[in-house]
Structure formats: C-alpha cells, structure tokens
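What the coordinates show
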Amino acid sequence: MSKNVLILSGSPRKNGNSDTLCDQFMKGAQEAGHQVEKIRVAEKKIGFCRGCYACQDTGKCAIQDDMEVVLQKIIDADVLVLASPVYFYSIDAQLKALIDRTVARWQEVKDKEFYYIMTAADGERASMDTTLACFRGYADCVEGAKEMGVICGTGVYEKGEVQATPAMAEAYEMGKSV
C-alpha cells in the first residue's frame, strides 16, 4: 500500500549533507511506490512561535506565512522524515521553528511513522544523542507516533562529504523499506 511520505529537510544548505541524505531516502521511497514530497524548510517563510496562543481559540495560527500549508501536509502525511544537521548538539533553528509552529493544530498530527536523519562534523555517534532526543521529544507529543529508523552521517562537515559514507546507502535502503 502506497504511503504519503513528507520529508522536512532542515538543512539551510541546499544539497548539504543532511539534504543529500533526504534525497537518497526520497529516491528509495519513490522506487518503492510511495508518494514523496520533500520540503526544504529554509526555502519557506516560517516564523517562530510567539506563544500568543491565539491558535487555541481559533485553531489557526495568527502568523500569516507558509506554515499553514506545511502544517496541513504534516497532518495529511503517513510518514514524517525529520532531517537536520547537528548544531551545538541540537537541531537547527529552521526545523525547530517549524516543529514549534505545529502547536496550532498539534492534536491533529497523529498516527505517524517517524524517520530521523542527522549529520554532524563530529565523528562520534554519541554527539548526535541530544539531537535525536529533540526529534524524539516532538514524536512523544504525537499520538500514535512510531519511530521507524534513524540515519546518522557522522564526520561530515564540507558539503558533499556524506556521499562517501555508508549513510548514503542506509538512507536509500531505509526509504525503500517504508
């Protein structure tokens, strides 16, 4: 059965290391017959949550930007892929802003399969633990969330370095296994 897969690429660098792994995941998932869309978060106008909670009364965020459309795609997806380079042991600001903005309709985000993609200059897998915890923290707030896989591209700093790592094949195969 075909699934609706939404990849949220937090990488601010187009064709950066985590963005490249997203493309590999997408290729595998498409070859497996799934409908896949990748959103490069940095290319969208998504402001940070202001904590005004107007959304609690109206069900709609008071900020008028691209988030309304992106949030509907998140709600409609069967599979969410969250991808980020590791910045100071956490996810990047662009993806964090997007996650925070799901608060407007957070209870409608449910029954999702989650995959996580991370890249870091550091060569130690343990350096990604707190980034992974950020992803898992969001999924913990999603009713019916299931963690399906984690991809770590370690020891990659310069754009394109991930192409010479096992993470490329892992991302493709994980996408294929959706």
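Whatever comes next refers back to the structure up there.
So, here's what we can say about the structure. Computed from a predicted structure; not experimentally measured. (Residues numbered from 1 in each chain as written. Predicted model: local features only at pLDDT ≥ 70, side-chain atom pairs only at ≥ 80, totals over all residues. Heavy atoms only, no water.)

One finds Leu-8, Val-70, Ile-74, Leu-82, Leu-98, Phe-114 and Tyr-138 to be the most contacted residues of the largest nonpolar core, which totals 32 residues. Residue assignment for this core shows that the elements contributing at least two residues are strand 1 (4-9), helix 3 (67-76), strand 3 (79-85), helix 4 (93-101), strand 4 (113-119) and helix 5 (129-140). Considering every element that reaches this core, the biggest residue donor is helix 3, with 5 residues. Aside from chain neighbours lying at most four places away, what touches Val-70 is Leu-8, Ile-39, Lys-44, Ile-46 and Leu-98. (Core = buried A, V, L, I, M, F, W, Y, C linked by side-chain atoms within 4.5 Å. Buried < 20%, exposed > 50% of the residue type's maximum accessible area, 1.4 Å probe, protein only. Helix = DSSP H or I, 4+ residues; strand = E, 2+ residues; numbered from the N terminus. Contact = heavy atoms within 4.5 Å.)

On to the packing of helix 1 (residues 17-31) against helix 6 (residues 167-176). Two elements in contact, helix 1 and helix 6, have axes separated by 6 Å at closest approach and are oriented at 35°. For the pair helix 1 and helix 6, the sense of crossing is right-handed. For the pair formed by helix 1 and helix 6, the contact residues are Thr-20, Leu-21, Gln-24, Phe-25, Lys-27, Gly-28, Ala-29 and Glu-31 on the first element and Ala-167, Met-168, Ala-171, Tyr-172, Met-174, Gly-175 and Lys-176 on the second. Looking at the contact of helix 1 with helix 6, its residues break down into 8 nonpolar, 4 polar and 3 charged. (Axes fitted to C-alpha atoms, helices over the stretch in contact; angles between N-to-C directions. Left-handed = near helix turned anticlockwise from the far one by under 90°. Nonpolar A, V, L, I, M, F, W, Y, C, P; charged D, E, K, R; others polar.)

Let us look at the pairing of strand 5 (residues 146-153). In terms of strand pairing, strand 4 meets strand 5 through 7 bridges, oriented parallel. Looking across to strand 5, one finds that Glu-113 is bridged to Lys-146. Regarding the hand of the β-α-β motif, the stretch spanning strand 4, helix 5 and strand 5 is right-handed. (Pairing = 2+ DSSP bridges. Right-handed = clockwise from strand over helix to strand, strands pointing away.)

To continue, consider the pairing of strand 1. The element strand 1 is extensively covered by neighbouring structure, given that 5 of its 6 residues are classed as buried. Where strand 1 meets strand 2 (residues 35-40), 6 bridges bridge the pair, whose relative direction is parallel. Looking at the pairing, Ser-9 lines up with Arg-40 of strand 2. Between the parallel pair strand 1 and strand 2, the chain is carried across by helix 1, and the sense of this crossover is right-handed.

If you trace the backbone, Glu-113 turns up in strand 4. If we skip the residues at most four places from it in the chain, Glu-113 touches Lys-3, Asp-78, Val-79, Leu-80, Lys-146 and Met-148.

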